[in-house]
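Summary of structural features
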Amino acid sequence: MPVQGSLATMSLTEILQWLGNAGKTGTLSIERNKVVKRILVREGRIIACASQEPSDMLGHFLVSRGKITEETLRKALALQETQRTHLGRILVESGALSEDELRLLLEDKAQETIFGLFDWDDAEFRFADDETADANIFAVDMRVEDILLRGAQRWDEMQRFRTVFNDPGIVLSRTERVPPAEVFKNKMARRIFESIDGERTVAEILLHAHGSEYLVTKFLFELHRAGVAEVTGLKPVTR
């Protein structure tokens, strides 16, 4: 029988601890504002994550880290439409990534997806015992305890970033200050910097950069702290 409820009454930390300690196998689905994220567990260990949010999707994740180009992603997505298989499998078969490389990247992506859930205190959850995953999945293998430790550290950092970026509708502009040279050596950092145009909101920069909320917000916070970017407006954002 499925277990379900609200993260307002049972936190994500408590749920993950229960899944790990009880050695559960199944799928934890968490929904907020019609966006669903899923965590797949096998014998109490996390083996995969899935999300409907663009910034959490594998293609966006790989592009943001410079592992594939946008052109490679477009071709792989076109193949996926006809083959109906895992995007990662297509990228491995095409030679864009090795299988070992993909597994490491999927582990990083799964962690980013879960870390983003620590803010979802108003979401609904449902755990279905023994629900099996897609046969095409590339499984990872992560301990719940490790995820919880890193998640707590990430949450503390995000609270610091949100002393400045407390609304996704904040608009940033560049100042006359020159950014560090390292900004132009990192593909995602450069994309984020170039997205600051006095018009885009933080939410729009997040989508444009193909990065996780944490990485994009952290970089914007550092630019703001260095005086390279400044808050110049606020726009309404549809959640």
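The preceding data block contains the structure.
So, about the overall build of the protein chain. On a plain count of helices and strands, the protein chain comes out with 9 helices and 8 strands. A compact globule built from 239 residues would reach a C-alpha radius of gyration of about 18 Å, and the protein chain, at 19 Å, matches this within 12%. In terms of overall dimensions, the protein chain has C-alpha extents of about 60 × 45 × 30 Å along its principal axes. Relative to its full complement of 239 residues, the protein chain shows a buried share of 41%. With the model as given, the accessible surface of the protein chain reaches about 12,700 Å², and the carbon-plus-sulfur share is 48%. Each charge sign in the protein chain was given a centre, from 32 positive and 38 negative side chains, and these centres are 3 Å apart.

Our next topic: the packing of helix H7 (residues 187-195) against helix H8 (residues 202-209). Look at H7 against H8: their axes get within 9 Å of each other, and the N-to-C directions meet at 145°. Considering how the two elements wind past one another, H7 and H8 form a crossing that is right-handed. Facing H7, whose interface residues are Met188, Arg191, Ile192 and Ser195, H8 presents Ile205, His208 and Ala209. Of the residues contributing to the contact of H7 with H8, the split by class is 4 nonpolar, 2 polar and 1 charged.

Let us now look at the pairing of strand S7 (residues 170-174). Of all 5 residues in S7, 4 are buried; the element is thus mostly enclosed. Pairing of S7 with strand S8 (residues 229-234), which is carried by 5 bridges, proceeds in the antiparallel orientation. What sits directly across from Val171, in S8, is Gly233.

Pairs can form between side chains of opposite charge whenever their charged atoms are close. In the structure shown here, the tally under the stated rule is 14 salt bridges. One salt bridge in this structure joins Asp122 and Arg32, with 3.7 Å as the shortest N-O distance. In this pair, Asp122 is assigned in the loop between helix H5 (99-117) and strand S5 (124-129) and Arg32 in strand S2 (residues 26-32), connecting sequence segments 90 residues apart. Taking the relative accessible area as the measure of exposure, Asp122 reaches 49% and is therefore partly exposed. Across the pair Arg162 and Glu213 runs a salt bridge, and its minimum N-O distance is 2.9 Å. Within this pair, whereas Arg162 is found in the loop between helix H6 (144-161) and S7, its partner Glu213 is found in helix H9 (residues 213-225), the two being separated by 51 residues in sequence. Residue classification places Glu213 among the partly exposed residues on the basis of a relative accessible area of 37%. One network of salt bridges, with partners in common, ties together Asp119, Arg162 and Glu213.

The rules behind the values
Residues numbered from 1 in each chain as written. Predicted model: local features only at pLDDT ≥ 70, side-chain atom pairs only at ≥ 80, totals over all residues. Heavy atoms only, no water. Helix = DSSP H or I, 4+ residues; strand = E, 2+ residues; numbered from the N terminus. Rg over C-alpha atoms; globule rule 2.2 N^0.38 Å. Buried < 20%, exposed > 50% of the residue type's maximum accessible area, 1.4 Å probe, protein only. Areas by Shrake-Rupley, 256 points an atom, 1.4 Å probe, with all protein chains shown as cover. Lys, Arg positive; Asp, Glu negative; His and termini not counted. Charge placed at Lys NZ, Arg CZ, Asp CG, Glu CD. Axes fitted to C-alpha atoms, helices over the stretch in contact; angles between N-to-C directions. Left-handed = near helix turned anticlockwise from the far one by under 90°. Contact = heavy atoms within 4.5 Å. Nonpolar A, V, L, I, M, F, W, Y, C, P; charged D, E, K, R; others polar. Pairing = 2+ DSSP bridges. Salt bridge = Lys/Arg side-chain N within 4 Å of Asp/Glu carboxyl O.

So yeah, pure geometry; function would need other evidence.
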